[in-house]
Every structure is written in structure tokens, then in C-alpha cells.
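One-letter residues, chain by chain:
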Amino acid sequence: MDDTHRPTAATEPRPLHGTAKRLLADRHSLPLSIALHLVPGALIVAVYLLFAEPFVLAIGAPVFLGWAIALSLVLGPLMAGLYWLGHKRNGRFSLRGVLHYTDRPLPRGKLVAMAIPMFLWMMVLSTALIPLDSFVFDHFFTWLPFADAGGSATTYLQGNGRSAMLTTLVICLPLTGISLPLIEEFYFRGFLMPRLAHLGRGAPVLSTVLFSLYHFWAPWTFLSKLVFFFPGPWFVWKKKDIRLSIGMHVGSTSISTAGGIIALALNIV
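The notes below deal with the structure included here. (Residues numbered from 1 in each chain as written. Predicted model: local features only at pLDDT ≥ 70, side-chain atom pairs only at ≥ 80, totals over all residues. Heavy atoms only, no water.)

### Things to note about the layout of surface pockets
The following threshold applies: The pocket and cavity definitions rest on a 1 Å grid over protein atoms only: a 1.4 Å probe that fits but cannot leave marks a cavity, an open set with protein on both sides within 12 Å along at least five of seven lines marks a pocket, and residues lining either have an atom within 4 Å of a point. Grid points are joined across faces, edges and corners, and a volume is the space filled by probe spheres set on the points. Residues are grouped as follows: nonpolar covers Ala, Val, Leu, Ile, Met, Phe, Trp, Tyr, Cys and Pro; charged covers Asp, Glu, Lys and Arg; every other residue, Gly included, is treated as polar.
Roughly 290 Å³ of volume is contained in the second largest pocket. Along its surface, the second largest pocket is lined by 15 residues, and L95, R96, G97, L99 and H100 are the ones closest to its centre. Here the residues of the lining of the second largest pocket are counted per class, giving 6 nonpolar, 4 polar and 5 charged.

Listed below in C-alpha cells is the structure:
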């Protein structure tokens, strides 16, 4: 090997032990992968019911803000955990070797040409399938203890004044609109899905199923998420470029939230 390509102390992975070694292995066992996908969702619901919902109801804010708080309190430390694993592997806070599909194999033009149709797919299908979500909620999930729950995410905003809804969406734009979906992509597509690669085509399928199940705060959307979210994991797995699902997922949530802000500000809704 030429010396210019020889690993150096700065780039060579450090020896791993214990939990870090298990989590950074090339592949995860099925039980471990299921747990790593679903436990964060269970924690989000627990934080919401124990803290976030009582807090927002006490201050008279839309419960949508409570879910943003719960997601932040779980996904924020989850992202910190990925950096902790990076420190264990690299000796510094880096995601090198922790996340995969980050080498940017697609040229920018092809990336944009693929990401835009994926984004439109998610935007159109997630809206078109709201009646399905409402049907499933009305028939199977009305017993859930979540305040203001309903077949559409907008029900978490309804019942509040226009000013309260607008303020909530402005607060949530950098959270549920941008940073939290981005963390989900790093964790579910960049960290977990590559460690299911031994399943072949089953990896993006299982990733989609488990990610849809992870949304314990909206289980009635499971079927619709399978439909509108599948292209993200599939094309990330096929093209080895996480930017595809980031463009689809973060693009959709950010545009939807920004659109809601504009509609409320202009009295369109």
C-alpha cells in the first residue's frame, strides 16, 4: 500500500468494547434492531404523557407543542448518543463510521432529479391518505389517552385560537419541521438500516415497517406511512446516499409546516 493511503492514528478506528462494540458492529441481530427502532418511540410517548402534555395543557398551548417537546427530549439525546459512539470509535466527536450512506455517491444533478419526485410522492400521498388515517383512528384508536388526537396531525392544533396555532407552528418549524426529522434520518437510515444490509432487499422494507411502527403517538397512520414513506429507505439502500431520504422527509415536513404558517398568517385557513 502506498504511504499516502495508509491509515493514520487520526483515521484508524479505535478498539471497541462493550455496548459501543455491539452497537457499531457491521450487523445488528433482529431483536436488537427491533428494540433500537421501537424503544425511542415508546420513550417519546412516555415523556409526552408524563410531562409534555400536562405542561402544554397547563399553559393553554396546543398539544402539538407537547409532541414537539417530547420528540426533542428523546431525539436530542439520541443524536448525542450517536456522537458518543463516534467518540468511542474515532477518539473525537465525529459520526465517521457511525453513519453510513454518507459518502455522497450521487452527483448533485441526479440527486435533485430523484429527490424532487420522492418529495412530491410523500407530500401528495400523505395528504391523499388522510381519509384512511381518519378511518383507522375512528374504528380502532379512539381509546388512546392522547389529548386532541384524531385522524389528522392538524387535530393537535385545532381547538385553539389562530394566534396560538401560528405561534406553535413558528416554534415547531425548526424542531418538527427540520431538526427532528433530520435526526430521525441520521438514526434510522444512516445508523440502523445499514446494519440490516445482510437482509438484502429486506433491509429497506424492514426499515420502513419498523419506522412506521415507531410512531406510537400516531399508530393509526401506520398503513399510510408504509405507502408514502417507502421510497425513502428503498432508494437510500439502492443508491447508498442518505441525502435522498433527507430531501424527501425533511423537505416534506419543513414545507408542510411553513405552508401552515403562511396559511394562518394570511387567514387562508
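The rest of the description comes next.
### Considering the nonpolar core
For the record, the criterion: The nonpolar core is taken to be a set of buried Ala, Val, Leu, Ile, Met, Phe, Trp, Tyr and Cys residues, with the residues joined through side-chain atoms within 4.5 Å. Three labels apply to residues, based on accessible area from a 1.4 Å probe with only protein chains included: buried if under 20% of the type maximum, exposed if over 50%, partly exposed otherwise in between. Here a strand is any run of E in DSSP of at least two residues, a helix any run of H or I of at least four, and the numbering for each starts at the N terminus. We call two residues in contact when some of their heavy atoms are within 4.5 Å.
Judged by nonpolar contacts, the single largest core of 77 residues is most densely connected at L82, F191, Y214 and W217. Counting residues per element, this core draws most heavily on helix α3 (residues 63-90), at 14 residues. Those residues in contact with Y214 that sit more than four places away from it in its chain are H37, L38, P40, G41, I44, L71, L75, E184 and F188.

### Thoughts on the environment of A35
The residue A35 is located in helix α2 (residues 30-59) in this model. The spatial distance from the C-alpha of A35 to the C-alpha of F137 is 25 Å, given a sequence separation of 102 residues.

### Description of the packing of helix α7 (residues 202-214) against helix α9 (residues 231-239)
In plain terms, the rule: Every axis in this analysis is a line fitted to C-alpha atoms, fitted for helices over the stretch in contact. Angles between the N-to-C directions lie between 0 and 180 degrees. In these notes the angle categories are as follows: under 35 degrees is roughly parallel, over 145 is roughly antiparallel, 65 to 115 is roughly perpendicular, and the rest is oblique. The sense of a crossing depends on the near helix, which, turned anticlockwise from the far helix by less than a right angle, makes the crossing left-handed and, turned clockwise, makes it right-handed.
Between α7 and α9, the shortest axis-to-axis distance is 8 Å and the interhelical angle comes to 150 degrees. The angle between α7 and α9 falls in the class roughly antiparallel. The element α7 and its partner α9 pack so that their crossing is right-handed. Side by side, α7 and α9 meet where A203, P204, S207 and T208 of the first sit next to P233, W234 and W237 of the second. Looking at side-chain class alone, the contact of α7 with α9 contains 5 nonpolar, 2 polar and no charged residues.

### Overview of unusual backbone geometry
Look at Y101: it is not a glycine, yet its phi comes out positive at around 60 degrees. Among the structural elements, Y101 can be located in the loop between α3 and α4 (108-128). Of note, the phi angle at R104 is positive, near 55 degrees, even though the residue is not glycine. Mapped onto the elements of the fold, R104 is located in the loop between α3 and α4. Classification of R104 by relative accessible area gives exposed; the value is 58%.

### A few points about the packing of aromatic side chains
Rule in force here: A pair of aromatic rings is counted whenever rings of Phe, Tyr or Trp (Trp by its six-membered ring) have centres within 6.5 Å, and the orientation is called stacked for planes under 30 degrees apart, edge-to-face for over 60 and tilted otherwise.
Applying the stated criterion across every chain yields a total of 17 aromatic pairs. An angle of 5 degrees between the planes, with centres 3.5 Å apart, marks the rings of Y48 and W67 as stacked. Highlighted residues: Y48 in helix α2 and W67 in helix α3, separated in sequence by 19 residues. Like Y48, the residue W67 is buried in the burial classification. Taking 5.9 Å as the distance between ring centres and 15 degrees as the angle between the ring planes, the aromatic pair formed by F51 and F55 counts as stacked. Separated by 4 residues within a single helix, F51 and F55 lie in helix α2, roughly one turn from each other.

### Considering a nonpolar patch on the surface
Using the following cut-off: Exposure above 30% relative accessible area and the absence of a salt bridge qualify a residue for a patch, where like charges join within 9 Å and nonpolar side chains (Val, Leu, Ile, Met, Phe, Trp, Tyr) within 5 Å. Residue-level accessible areas treat just the shown protein chains as cover; the underlying method is Shrake-Rupley with a 1.4 Å probe. Whenever Lys or Arg places a side-chain nitrogen within 4 Å of a carboxyl oxygen from Asp or Glu, that contact is recorded as a salt bridge.
Residues L49, L50, F51, F55, I59 and L73 make up a contiguous nonpolar surface patch of roughly 600 Å² in combined accessible area. The element that contributes the greatest number of residues to the nonpolar patch is α2, accounting for 5 residues. Among the structural elements, L49 can be located in helix α2.

### Quick notes on the side chain of E184
Short version of the rule: Residues counted as positive are Lys and Arg, residues counted as negative are Asp and Glu, and His and the chain ends are not counted.
Note that E184 resides in helix α6 (residues 162-192). The side chain of E184 sits in the buried core without any salt bridge; R189 is the nearest counter-charge, 6.1 Å away. Among residues more than four places away in sequence, those in contact with E184 are L71, L75, R189, F211, Y214, H215 and H249.

### Looking at the environment of S224
Considering the arrangement of structural elements, one finds S224 in helix α8 (residues 222-229). Between the alpha carbons of S224 and G200 there is a distance of 24 Å; along the sequence they are 24 residues apart. Here S224 is in contact with L129, L132 and D133, once residues within four sequence places are set aside.

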